[in-house]
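In case you want the letters, here they are:
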Amino acid sequence: MTVAANSFGVDYEICDADQHYYEPVDCLTRHLEPQHQRIVKWATIGGRDTILIHGKQWASVPNPTYDPVAVPGVFEQYFRAENHAGTELRDMVVMQPLQPEYRNRDLRVQRLDEQGVARTWLIPSLGLAVEEMVQQDIESGMAIVRAYNRWLEEDWGYRRDERINTGPLLSLLDPELAEQELDRVMAIGTNMVILRAGPVPSPHALRRSPADKVYDRIWAKLAEAGIVVAIHAGDSGTSKYLGDYGEPIGYQGSKMGPLTELMGLSTDRPIYDMMAALIAHGLFDRHPALKVATLELGSGWAVELHRKLRTSYGKTPQAYRRDPVESFREHVWIAPFYEDSIVRLRDCHGADRILLGSDWPHPEGLARPIDWAGDFVELGPADMRKSLRDNFLQLTAA
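Read on for an overview of the structure. From a predicted model like this one, the values you see are computed outputs, not experimental measurements. (Residues numbered from 1 in each chain as written. Predicted model: local features only at pLDDT ≥ 70, side-chain atom pairs only at ≥ 80, totals over all residues. Heavy atoms only, no water.)

## Some points on the overall build of the protein chain
Here is step 1: When its secondary structure is counted, the protein chain shows 14 helices and 12 strands.
Here is step 2: Computed over the C-alpha atoms, the radius of gyration of the protein chain is 20 Å, within 12% of the 21 Å expected from 2.2 N^0.38 for a compact globule of 398 residues.
Here is step 3: Across its three principal directions, the C-alpha atoms of the protein chain cover 55 × 50 × 50 Å.
Here is step 4: Intrachain contacts of the protein chain at a sequence separation of at least 6 include 74% that bridge at least 24 residues.
Here is step 5: Total accessible area on the protein chain stands at roughly 17,000 Å², and carbon and sulfur atoms take up 50% of it.
Here is step 6: Here the protein chain carries 43 positive and 57 negative side-chain charges, and the mean point of each set is 4 Å from the other. (Helix = DSSP H or I, 4+ residues; strand = E, 2+ residues; numbered from the N terminus. Rg over C-alpha atoms; globule rule 2.2 N^0.38 Å. Contact = heavy atoms within 4.5 Å. Areas by Shrake-Rupley, 256 points an atom, 1.4 Å probe, with all protein chains shown as cover. Lys, Arg positive; Asp, Glu negative; His and termini not counted. Charge placed at Lys NZ, Arg CZ, Asp CG, Glu CD.)

Listed below in structure tokens is the structure:
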């Protein structure tokens, strides 16, 4: 495709590391094994259709049918911290019927052509909350993950071509079952997997670091195959910490108070803690070919982690096999928020480790992926092109 230069001087197709699909109502059940069918139910509660898993209501998505759904980009003013009139989030929402390209692959490719997007990763919407909902019963939880991944392959494909790649869910709830599922999706052909930020849940309340050596066979296979581990924002279970300060826990929707934002419980906190654990627990030392991308988690946490890693290494260099800052830079690609300082990220983490992730068509993303290009201009033309295109192509190269 020939691309005419826009007002930002971008005369090339961009690569978008974070677009989304909206799942159909049977994404968890279409391929769910018969012995587990009773676990997932649809119900109408308070006049709304919702999902029950083990009798517990799916709380992280207010309308899991996604029809109607919010218009892309309607929260941009809010997330850019320009809501000077103090408009409530619920009053910013503009709804529309579910658009066909949100669930149809061929129509989505057409939309990519219109957007000037050469390649994209399509990320779950509902699927990002699966692990937190299923942890009380690991066997059935892993069955739901398998069913979701089979649905994803059937409707979208993991890697049918180079325009759209999707990532099957990787849940570490059970190391043996996780490895079996990884073997299955690798045999089909995938170049990325989706992992949520946070520790590995357990029904016994004792959580593990994802860098625990019990998962080394999984990490080794991912590294050897060159499969990117995409860590995306989702339900990480961190809302429980609000309870320690006297606030309600769980999904609050538009009633979310400022403490959630200030504590970074949905974004900064889970990925900062997880990345610190991956580095401190030696994951990249044991698997030097591993590639990780962080999506819809911003970059403020990364700037602070660089500072803490330098301090920690200066105090206890004997605790590390190599400089942890170098390890962080080498193994981790970061998609900042559009409200972040991209220059600050470039200066601490490097121009060759920045990705564009528009979050389209989610309301907290942008109306058009290319609308974000203006925030990259201050990087200069060469680093801007790296961030908007070349870094993604390098990361996903076989």
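Continuing now.
## Quick notes on the environment of Arg 184
Here is step 1: Looking at the element boundaries, Arg 184 is found in helix H6 (residues 175-188).
Here is step 2: Relative accessible area serves as the criterion here: at 22%, Arg 184 is assigned to the partly exposed category.
Here is step 3: Sequence separation between Arg 184 and Arg 146 is 38 residues; the distance between their C-alpha atoms is 9.6 Å.
Here is step 4: Apart from residues lying up to four places away in sequence, Arg 184 is in contact with Arg 146, Asn 149, Arg 150 and Tyr 158. (Buried < 20%, exposed > 50% of the residue type's maximum accessible area, 1.4 Å probe, protein only.)

## Remarks on the pairing of strand E2 (residues 40-45)
Here is step 1: In this sheet, strand E3 (residues 48-53) lies alongside E2 in antiparallel orientation, the contact comprising 6 bridges. The partner of Trp 42 across the bridge, within E3, is Ile 51.
Here is step 2: Hairpin connection between E2 and E3: a loop of 2 residues separates the two successive antiparallel strands, and Gly 46 in this loop has a positive phi of roughly 60°. (Pairing = 2+ DSSP bridges.)

## A few points about the sheet that holds strand E9 (residues 192-196)
Here is step 1: Strands sit in the order E9-E10-E11-E12 across an open sheet of 4 strands; the sheet is parallel. The open sheet is flanked by E9 and strand E12 (332-334), the only strands paired with a single partner. For this sheet the average axis-to-axis angle between neighbouring strands, irrespective of direction, equals 25°.
Here is step 2: Judged from the 5 bridges that link them, strand E10 (residues 228-232) and strand E11 (residues 291-295) form a sheet pairing that is parallel. Within E11, the residue paired with His 232 across the bridge is Leu 295.
Here is step 3: In this fold helix H14 (residues 381-396) packs onto E10, E11 and E12, with an angle of close to 145° to the strand it touches most, E12. (Axes fitted to C-alpha atoms, helices over the stretch in contact; angles between N-to-C directions.)

## Notes on helix H9 (residues 268-280)
Here is step 1: Compared with an ideal rise of 1.5 Å per residue, which puts 13 residues at 18 Å, H9 spans 18 Å between its outermost C-alpha atoms and is within 8% of the ideal.
Here is step 2: Within the span of H9, buried status applies to Pro 270, Ile 271, Tyr 272, Met 274, Met 275, Ala 277, Leu 278 and Ile 279.
Here is step 3: Positive phi shows up at Gly 282, right after H9, with a value of about 75°. (Expected span 1.5 Å × (residues − 1).)

## Brief notes about the pattern of salt bridges
Here is step 1: Counted according to the given criterion, the structure contains 31 salt bridges.
Here is step 2: The shortest N-O distance in the salt bridge between Arg 163 and Asp 113 comes to 2.9 Å. Linking Arg 163 in the loop between helix H5 (138-155) and strand E8 (164-166) with Asp 113 in helix H3 (residues 105-115), this pair joins segments that are 50 residues apart in sequence.
Here is step 3: Of the residues examined, Arg 163 reaches a relative accessible area of 21% and is grouped as partly exposed.
Here is step 4: Between Asp 383 and Lys 386 there is a salt bridge, and its shortest N-O distance comes to 4.0 Å. One end of the pair is Asp 383 and the other is Lys 386, both in helix H14 and 3 residues apart, which spans about a single turn.
Here is step 5: The class for Lys 386 is partly exposed, based on a relative accessible area of 31%.
Here is step 6: Look at the salt bridges and you will find they share partners, linking Asp 26, Arg 30, Glu 154 and Asp 155 into a network. (Salt bridge = Lys/Arg side-chain N within 4 Å of Asp/Glu carboxyl O.)

## What to know about the packing of helix H11 (residues 300-315) against helix H12 (residues 324-331)
Here is step 1: Across the interface, H11 lies against H12 with an axial gap of 8 Å and an inter-helix angle of 150°. Here H11 contributes Trp 301, Ala 302, Leu 305, His 306, Leu 309, Arg 310 and Tyr 313 to the contact with H12, which in turn contributes Pro 324, Val 325, Phe 328 and Arg 329.
Here is step 2: The residue makeup of the contact of H11 with H12, split by class, is 8 nonpolar, 1 polar and 2 charged. (Nonpolar A, V, L, I, M, F, W, Y, C, P; charged D, E, K, R; others polar.)

## Observations concerning the packing of aromatic side chains
Here is step 1: According to the stated counting rule, one finds 12 aromatic pairs in the structure shown.
Here is step 2: Where Tyr 102 meets Trp 360, the ring centres are 5.7 Å apart and the plane angle is 80°; that geometry is what we call edge-to-face. Of the two residues, Tyr 102 sits in the loop between strand E6 (95-96) and H3 while Trp 360 sits in the loop between helix H13 (342-349) and H14, which places them 258 residues apart along the sequence. Assigned by exposure class, Tyr 102 and Trp 360 land together as buried.
Here is step 3: In this structure, Arg 385 is placed above the aromatic ring of Tyr 12, and the distance from its NZ or CZ to the ring centre is 4.6 Å. (Phe/Tyr/Trp six-rings, centres within 6.5 Å; stacked < 30°, edge-to-face > 60°. Lys NZ or Arg CZ within 6 Å of the ring centre and 35° of its normal.)

## A word on the side chain of Ser 299
Here is step 1: In this structure, Ser 299 sits in the loop between E11 and H11.
Here is step 2: Not counting residues within four places of it along the chain, the set of residues in contact with Ser 299 comprises Ile 334, Pro 336, Phe 337, Asp 340 and Leu 345.

## Points about the sheet that holds E2
Adjacent strands of a sheet form backbone hydrogen bonds with each other and so pair up, either parallel or antiparallel.
Here is step 1: An order of E2-E3-E4 is seen for the 3 strands of this open sheet, with the pairing classed as antiparallel. Edge positions in the open sheet fall to E2 and strand E4 (56-57), since each of these has one partner strand only.

## Regarding H11
Along an α-helix, residues three or four positions apart point the same way, because every turn accommodates 3.6 residues.
Here is step 1: Between its terminal C-alpha atoms H11 stretches 23 Å, which fits the 22 Å expected from 16 residues at 1.5 Å a residue.
Here is step 2: The complete set of buried residues in H11 reads Trp 301, Ala 302, Val 303, Leu 305, His 306 and Leu 309.
Here is step 3: Those residues of H11 that are buried lie in contact with H9, E11, H12, E12 and H13.

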